[in-house]
Protein chains: 2
Amino acid sequence: MATKDSAKDATASWRRIEPLELTPILEAALEGFYDNGFHGTSVREIARRVGVTIPALYYHHQSKEGILLALLEVSTSDVLARAHTAYADGGDDPRQQLTNVVEAIVLRMTTRSRLAALEGEVRYLSPENRQRYRVVRKGVEELVLGIVTEGAERGVFSVADIPETTRALLAMCQSIPRWYHAEGELTPAEVAQKYAVIALNTVGCKPSRKRAR
Amino acid sequence: MATKDSAKDATASWRRIEPLELTPILEAALEGFYDNGFHGTSVREIARRVGVTIPALYYHHQSKEGILLALLEVSTSDVLARAHTAYADGGDDPRQQLTNVVEAIVLRMTTRSRLAALEGEVRYLSPENRQRYRVVRKGVEELVLGIVTEGAERGVFSVADIPETTRALLAMCQSIPRWYHAEGELTPAEVAQKYAVIALNTVGCKPSRKRAR
């Protein structure tokens, strides 16, 4: 548990993750990309999984790459909105802001692991689409960067390199879909709380310093 | 710079990374997998890149998956050997052991980024081969786990969850190939030193506590 406040507030809206509403095409593409990778999934295979013709599929999406981009954008917008709500919920305390945002990101990594795992396919986007996606994703990075910067300036965190520490924090969260399985021992909430504590260490702020567990 | 000792010892053998000797088939497969992913690279395409026939290729490797496994094993044995030398170089000090091992891992992530990026293809291995690969990779995890455990027991590190912190440390290093480019501003040594400092924070050990910078 990160802090007493966050425990009290275990029902905050950003902690509840309902199934994401995807169109049948996006749902089928997500399955295909997860099972066989972007290059291992043909447009024909996606159309087959949805039960539509290939022209019908192209009516909605310009290309297979367009489908991947659409999925990445849905995914990133979702995590961005949650992270912002979690941040706002942290009041004026960088510790609480950071633990909330890390929890929000990890909850989504564990609950929507197929979508989160798509991150590994980003390198197959064309340079322009990769750039477009990066702009969307930058929102999450900037949010965490802002918290780490503010915490360091106020002496709450102790960090040698603020941007690199931010990158390291995001990396540890993003790698979770590689090993997390819903059938495993840990619930999403448990993983989220563990990473909130690790994140406080990473920014040089011990959770025990202010409030004992 | 992690500590004065590591600066003095900038020429340690585990810090020098010579080009890895790969067979022409493995070299061609690595290029293909990096450019188009495991599923996006056919055995025919690998044979074409090497300039051999498909039967000749199958003479050396049972399958495309066998080639991926061979690459992953070469890659992991290389990092394992370096990490162990770096560890031994850290003497009896968990701080120095950890910064050395993190530096060794990051140096390899930045210098051999194509090979390191293969990690993302592991999920396409069959369950048996994934298990076989995990056994090889476990060596690196166990080395870091041992250092974090020892440091925590001796009160040098302050960590709430030792195995999860170890996983987080490895994840932040493993994500480096996603963004690191040899043409960028940072040299491999600079990235390695930044991550050594971040790692000390992550295990709740400030580098400034013992020796001022």
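Because the structure is a prediction, the values reported are computed rather than measured.

### Considerations on the pattern of salt bridges
Residues and elements named next belong to chain A.
Okay, step 1: The final tally for this structure, using the stated rule, is 34 salt bridges over all chains.
Okay, step 2: For Asp35, the salt bridge goes to Arg49, with nearest N and O atoms at 3.6 Å. Of this pair, Asp35 sits in helix 2 (residues 24–36) while Arg49 is found in helix 3 (residues 43–50), placing the two residues 14 residues apart along the sequence.
Okay, step 3: With a relative accessible area of 27%, Arg49 lands in the partly exposed category.
Okay, step 4: The shortest N-O distance in the salt bridge between Arg137 and Glu119 comes to 2.2 Å.

### Thoughts on the confidence of the model for chain A
All names here are of chain A.
Okay, step 1: On average, residues of chain A score 88 in pLDDT, and 91% of them reach the 70 mark or higher.
Okay, step 2: Mean pLDDT across the elements of chain A bottoms out in helix 11 (residues 207–210) (46) and peaks in helix 10 (residues 188–202) (96).
Okay, step 3: Taken as a whole, residues 1–8 scores under 50 in pLDDT and shows 17 contacts with residues more than four places along the chain or in a different chain.
Okay, step 4: For the stretch residues 208–213, pLDDT sits under 50, and the model shows 10 contacts to residues farther than four places along the chain or on other chains.
Okay, step 5: With a pTM of 0.83, the predicted complex shows an ipTM of 0.80.

### Observations regarding the UniProt feature "domain: HTH tetR-type" (unreviewed entry) in chain A
Okay, step 1: Mapped onto the present numbering, the UniProt feature "domain: HTH tetR-type" (unreviewed entry) falls at residues 19–79 of chain A.
Okay, step 2: For residues 19–79 of chain A, helix accounts for 72% and strand for 0%, while the C-alpha atoms at its two ends are 13 Å apart.

### Considerations on the interface of chain A and chain B
Okay, step 1: Counting residues at the interface gives 36 residues for chain A and 36 residues for chain B.
Okay, step 2: Buried surface at the junction of chain A and chain B, summed over both partners, amounts to about 2,900 Å²; 49% is from carbon and sulfur atoms.
Okay, step 3: When the shortest N-O distance is used, the salt bridge between Arg123 of chain B and Glu121 of chain A registers 3.1 Å.
Okay, step 4: In this structure, the connection of chain A to chain B is made through 17 residue pairs in polar contact (both at pLDDT 80 or more).
Okay, step 5: The set of elements that each furnish at least two residues to the side of chain A that touches chain B consists of helix 2, helix 9 (162–174) and helix 10 of chain A.
Okay, step 6: Per-element accounting of the side of chain A that touches chain B gives the leading share, 7 residues, to helix 9 of chain A.

### A few points about the state of the cysteines
Residue and element names in this part refer to chain A.
Okay, step 1: All told, the structure shown has 0 disulfides over all chains when counted by the stated rule.
Okay, step 2: Looking at Cys205, it has no disulfide partner, and the nearest cysteine sulfur is the one in Cys173, 16 Å off.
Okay, step 3: Residue classification places Cys205 among the buried residues on the basis of a relative accessible area of 2%.

### Let's talk about the relation of the copies chain A and chain B
Okay, step 1: With an RMSD of 0.0 Å, the operation that places chain A on chain B is a rotation of 180° combined with a shift of 0.1 Å along the axis. Such a turn and shift between the copies fits a two-fold axis. Proximity to the rotation axis, assessed at the C-alpha, singles out Thr202 of chain A in chain A; its C-alpha lies 1.9 Å from the axis.
Okay, step 2: Same-surface contact between copies: 100% of interface residues of chain A are shared with the interface of chain B.

### So, the packing of helix 2 of chain A against helix 5 (residues 64–88) of chain A
Residue and element names in this part refer to chain A.
Okay, step 1: Running from N to C, helix 2 and helix 5 point in directions that differ by 95°, and their axes come no closer than 10 Å. Classified by the interaxial angle, the pair formed by helix 2 and helix 5 is roughly perpendicular. Contact residues: Ile25, Leu26, Ala29, Leu30 and Phe33 in helix 2; Lys64, Ile67, Leu68, Ala70, Leu71 and Val74 in helix 5.
Okay, step 2: Here the contact of helix 2 with helix 5 is built from residues that sort into 10 nonpolar, no polar and 1 charged.

### Regarding the nonpolar core
Okay, step 1: Judged by nonpolar contacts, the single largest core of 73 residues is most densely connected at Leu98, Ile105 and Tyr195 of chain A together with Leu98, Ile105 and Tyr195 of chain B.
Okay, step 2: In contact with Ile105 of chain B, other than residues within four places in its own chain, are Val79, Val140, Val144, Leu170 and Cys173 of chain B.

Calculation notes
Residues numbered from 1 in each chain as written. Chains lettered and ligands numbered in written order. Predicted model: local features only at pLDDT ≥ 70, side-chain atom pairs only at ≥ 80, totals over all residues. Heavy atoms only, no water. Salt bridge = Lys/Arg side-chain N within 4 Å of Asp/Glu carboxyl O. Helix = DSSP H or I, 4+ residues; strand = E, 2+ residues; numbered from the N terminus. Buried < 20%, exposed > 50% of the residue type's maximum accessible area, 1.4 Å probe, protein only. pLDDT = per-residue confidence, 0-100. Contact = heavy atoms within 4.5 Å. UniProt positions renumbered as here; feature names shortened; annotations may be inferred. Buried area = accessible area lost by both parts, 1.4 Å probe. Polar contact = N/O pair within 3.5 Å; in protein donor to acceptor, adjacent residues only side chain to side chain. Disulfide = S-S within 2.5 Å. Least-squares fit on C-alpha atoms with pLDDT ≥ 70 in both. Axes fitted to C-alpha atoms, helices over the stretch in contact; angles between N-to-C directions. Parallel < 35°, antiparallel > 145°, perpendicular 65-115°, else oblique. Nonpolar A, V, L, I, M, F, W, Y, C, P; charged D, E, K, R; others polar. Core = buried A, V, L, I, M, F, W, Y, C linked by side-chain atoms within 4.5 Å.

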